[in-house]
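# Results of the structural survey
Below are the chains, spelled out letter by letter.
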Amino acid sequence: EVRLVESGGGLVQAGGSLKLSCAASGFTLGDYTIAWFRQRPGEERKGIAIIDGTDGATEYKDPVKGRFIISIDGAKTTVFLQMNSLKPEDTAVYYCAARWLMDSSSHYYPHFDLKEESQLYWGQGTQVTVSS
């Protein structure tokens, strides 16, 4: 079964840290970008960070830049999101999502795309709550 499963969410005080995990099964992360999205209360879901599973290149959106770090393990089975200096506005459900990196000829085509509709696989989400 093709799955992504997030874990690591919880309650943390402002200024603290959490590390989220996104574990893949049924497919190879090395052929995908893996992105972290979040949905804050009353808002639409937005991409915040992305990593190329082939070469490890990363990109971050401004609200998390300098505070969050996305990484992938050596086995290409799990993507992490290290969240530091957490703020109450980081409170959200966090999702991971995967997008295929190959073109129609199965040739590596590196590009980042954080549009929700571009993602192929989604996890169920994990809640992060940051208290003041």
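Note: the structure precedes this text.
What comes next is a walk through the structure. (Residues numbered from 1 in each chain as written. Predicted model: local features only at pLDDT ≥ 70, side-chain atom pairs only at ≥ 80, totals over all residues. Heavy atoms only, no water.)

Looking now at the pattern of salt bridges. All chains considered together, the criterion is met by five salt bridges. One salt bridge connects E43 with R40, and the closest N-O pair in it is separated by 2.9 Å. Residue E43 is classed as partly exposed on the basis of its relative accessible area, which comes to 35%. For K65, the salt bridge is made with D62, and the minimal N-O distance between the two is 3.0 Å. It is possible to trace a salt-bridge network through shared partners that takes in R38, R67 and D90. (Salt bridge = Lys/Arg side-chain N within 4 Å of Asp/Glu carboxyl O. Buried < 20%, exposed > 50% of the residue type's maximum accessible area, 1.4 Å probe, protein only.)

On to the state of the cysteines. By the definition in use, this model includes one disulfide. For C22, the disulfide goes to C96, at an S-S distance of 2.0 Å. With the S-S dihedral at roughly 75°, the linkage between C22 and C96 falls on the right-handed side. Residue C22 is located in strand β3 (residues 18-25), and its partner C96 is located in strand β9 (residues 92-100); the two are separated by 74 residues in the primary sequence. There is no split in this pair, since C22 and C96 are both buried. (Disulfide = S-S within 2.5 Å. Helix = DSSP H or I, 4+ residues; strand = E, 2+ residues; numbered from the N terminus.)

A few words on the sheet that holds β3. Overall, antiparallel pairing links the four strands, which are arranged β1-β3-β8-β7 in an open sheet. Looking at which strands have only one partner, the edges of the open sheet turn out to be β1 (3-7) and β7 (68-72). Sheet twist, expressed as the average angle between the axes of neighbouring strands with direction ignored, equals 15°. Summarising the sheet, β3 and strand β8 (residues 78-83) pair through six bridges and their orientation is antiparallel. The partner of S21 across the bridge, within β8, is F80. (Pairing = 2+ DSSP bridges. Axes fitted to C-alpha atoms, helices over the stretch in contact; angles between N-to-C directions.)

Any functional reading would require information that these geometric values do not contain.
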